[in-house]
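Residue strings, one per chain:
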Amino acid sequence: NNNNNGAGRKGGAAEDALAALEPDERRALEDAVSSSGSVERIMYTPVDEDWFEQEMAVLDSLQTRDEEIRANGLEEEPAGIDQLLVNDEFEPQDDPAAHELGQQLQVTTSTQVRRGMDLVRVGNLASEGDLAIAFFYERAKMPPPLSLMARVKDEIAPALVEVAQVFSYEARFVTLFYQPNAVSRFVRQKILMNVWPIIQHAQEKQLVDVRTDEFIYCYFYGLFIHKLGHFHDILHGTRHDYYMNELRIEFLDAWVELLLKRGFDPARVSMQYERQLFGRQD
């Protein structure tokens, strides 16, 4: 009975819609329907009948490989690195590994280096849980201030993890770096995100914790949209713009849930951070 009533209700709604049309509009609609003829539908038959099993086998192999990568963790730092970075200065200590590492260092002068490229890995910063994210700093100004390291570890890295989860993307595959006025990078299928804009925003607004403000989430969100779009098309253009829009649509619900979870108003955030959310964040 319920199904019959539903079908009758749908039919009644269609009749009501037709009745609301002007006579000329109704005649035009009836003429279009009568002249369109029937549509011939052909059922698609895949060439390979085992395509589904093959796809599942590929997914299983990818999952197995990802689990192996996850188990291995990030690349280990060179032996002796902790002895080289002592008291915020490069001071080789009486340690065989540190001495050997120091002998491997090379210095080149009179070389033009693109901004955002001449970086040195400071270490793998462990955020909440056991997840560690690689952090780089500009070579010319090494070492980084301890206050910056603490903020990246305790505030910025955890926020990155939250936004990465929106896209079901592993935050451990992202590299953070600090360099003023440098754009974030997509190099050799790797995502490098500059935290300098976050630090600048925090200083301007005198934030005790950057996670109390919407900017860091919108900044990382915009970077993920931009950089993940490059996995589909490396060049900027209409194809890249198309894939960025597809990413926005696919992960919209998860993004709104994150904003609500953090106590932010999605409507206000969309208006305030239009460039980060709907433009191309660099």
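Since the structure is predicted, the reported quantities are computational estimates derived from the model, not experimental observations.

### Some points on the environment of Arg-27
Along the chain, Arg-27 turns up in helix α2 (residues 23-36). Only 2.3 Å separates the side chain of Arg-27 from the side chain of Asp-24, close enough to count as a polar contact.

### A closer look at the packing of helix α8 (residues 215-229) against helix α9 (residues 238-250)
Between α8 and α9, the least distance of the axes is 8 Å, while the angle of their chain directions is 130°. Considered as vectors, α8 and α9 are oriented oblique to each other. The chirality of how α8 crosses α9 is right-handed. Taking contact as the criterion, the partners of Tyr-221, Ile-225, His-226, Leu-228 and Gly-229 in α8 are, on α9, His-240, Tyr-243, Met-244, Leu-247 and Arg-248. For the contact of α8 with α9, the class distribution of residues is six nonpolar, three polar and one charged.

### Quick word on the pairing of strand β4 (residues 132-138)
Summarising burial for β4: five of the seven residues are buried, a large majority. Sheet topology places β4 next to strand β5 (residues 174-178); three bridges connect them, and they run parallel. Paired with Phe-136 across the two strands is Phe-177, which belongs to β5.

### Some points on helix α10 (residues 252-261)
If you check which residues of α10 are buried, you get Trp-255, Leu-258 and Leu-259. Seen end-on, α10 carries its buried residues on one side only, within an arc spanning 100°. Seen from the buried face of α10, the exposed residues on the opposite side, beyond 90 degrees, are Asp-253, Glu-257, Leu-260 and Lys-261. Buried residues in α10 make contact with α6 (146-166), α8, α11 (266-272) and α12 (274-278).

Cut-offs used in this document
In this convention, every chain numbers its residues from 1, walking through the sequence in written order. Restriction of local features to residues with pLDDT of at least 70 applies here, the model being predicted, together with a cutoff of 80 or more for giving and counting side-chain atom pairs; totals for whole chains, interfaces and linings are based on all residues. Think of the side-chain values as coming from all heavy atoms in the structure, minus any hydrogens and water. The way it works is that DSSP assigns letters per residue, a run of H or I at least four long becomes a helix, a run of E at least two long becomes a strand, and they are numbered from the N terminus. Polar contacts, as used here, are pairs of N or O atoms within 3.5 Å; protein pairs need one atom able to donate a hydrogen and one able to accept it. Residues neighboring in sequence count only if both atoms are side-chain atoms. Where helices are involved, their axes are fitted lines through C-alpha atoms of the stretch in contact, as for all axes, and angles between N-to-C directions lie from 0 to 180°. Each angle is binned into one of four classes, with values under 35 degrees roughly parallel, values over 145 roughly antiparallel, values of 65 to 115 roughly perpendicular, and all other values oblique. With the far helix as reference, a near helix turned anticlockwise by less than a right angle produces a left-handed crossing, and one turned clockwise produces a right-handed crossing. Two residues qualify as a contact provided that any one of their heavy atoms is within 4.5 Å of a heavy atom in the partner residue. Charged residues are taken to be Asp, Glu, Lys and Arg, nonpolar residues to be Ala, Val, Leu, Ile, Met, Phe, Trp, Tyr, Cys and Pro, and polar residues to be all remaining types, Gly included. The cut-offs for exposure are 20% and 50% of the maximum accessible area for each residue type, with area from a 1.4 Å probe on protein chains only; residues under the lower value are buried, those over the upper are exposed, and the others partly exposed. By this definition, two strands are paired if DSSP reports at least two bridges between them. Regarding the arc, it is the one traced by the directions from the helix axis to the C-beta atoms.

Read these as spatial facts, not as claims about activity.
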